[in-house]
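Inside the fold
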Amino acid sequence: MVRASPPSTWMQGLDLPSQLFGDTGGSDYELYEEDDEFVLTIDMPGFETDEIDLAWDDGILNVAAEHSDESRGRKKTYHRRFRFPKMIDDEEIAAEYTNGVLEVRLPTADSTAQGKEIPLEG
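Presented here is a report on the structure given in the accompanying data block.

Things to note about the side chain of Glu 51
In this structure, Glu 51 sits in the loop between strand E2 (37–43) and strand E3 (52–57). If sequence neighbours within four positions are ignored, Glu 51 has contacts with Gly 46, Ala 64, Ala 65, Glu 66 and His 67.

Comments concerning the pairing of E3
Relative to strand E4 (residues 60–69), E3 runs antiparallel, the two being bridged by six bridges. Within the sheet, the bridge partner assigned to Asp 53 lies in E4 and is Ala 64. Where E3 folds back onto E4 in an antiparallel hairpin, the turn is made up of two residues, including Asp 58, whose phi is positive at roughly 50 degrees.

Concerning the nonpolar core
Counting residues in each nonpolar core, the largest one holds 17 residues, and the members touching the most others are Ile 42, Met 44, Val 63, Tyr 78, Phe 82 and Leu 102. The contact partners of Ile 42, leaving out residues within four places of it in the chain, are Asp 28, Tyr 29, Val 63, Tyr 78, Phe 82, Gly 100, Val 101 and Leu 102.

Digging into the packing of aromatic side chains
Enumeration according to the criterion identifies three aromatic pairs in this entry. Consider the rings of Tyr 29 and Phe 82, whose centres lie 5.0 Å apart with planes at 75 degrees: the pair is edge-to-face. Here Tyr 29, found in strand E1 (residues 29–34), pairs with Phe 82, found in strand E5 (residues 74–83); they are 53 residues apart in sequence, far enough to count as distant. The partly exposed category is assigned to Tyr 29, whose relative accessible area is 32%. Joined through ring pairs, the aromatic side chains of Phe 38, Trp 56 and Phe 84 make up one cluster.

Observations regarding the sheet that holds E5
On the basis of which strands lie adjacent, the open sheet formed by three strands has the order E3-E4-E5 and antiparallel pairing. Edge positions in the open sheet fall to E3 and E5, since each of these has one partner strand only. Along the sheet, successive strands turn relative to each other by an average axial angle of 10 degrees, direction set aside.

Basis of the calculations
Residues numbered from 1 in each chain as written. Predicted model: local features only at pLDDT ≥ 70, side-chain atom pairs only at ≥ 80, totals over all residues. Heavy atoms only, no water. Helix = DSSP H or I, 4+ residues; strand = E, 2+ residues; numbered from the N terminus. Contact = heavy atoms within 4.5 Å. Pairing = 2+ DSSP bridges. Core = buried A, V, L, I, M, F, W, Y, C linked by side-chain atoms within 4.5 Å. Buried < 20%, exposed > 50% of the residue type's maximum accessible area, 1.4 Å probe, protein only. Phe/Tyr/Trp six-rings, centres within 6.5 Å; stacked < 30°, edge-to-face > 60°. Axes fitted to C-alpha atoms, helices over the stretch in contact; angles between N-to-C directions.

In structure tokens form, the structure reads like this:
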């Protein structure tokens, strides 16, 4: 009789990003499309507004935050990059941080171009 071995637990104590080994639980963010914009909400409790940095670079939203608790000698950091498949109107990106939740609204740009026409020979 062959018995299945229990799942390995050697990684449980390690502080490794869940995306390395597949997402095993809930996620700290939600991304959905609403009307003509993407809405990204991220659970980021424990940070102050001035400790969060957002940057947009050619289709990638970079979210970074760092909080130092001097009295307890601890530092908390957050860093994630989100790639967006459509053109985003980067002049209209808006963000708000309320009650530990960061909400970023990324409106899609009106694209009048339908791509490049390819000549057909025959």
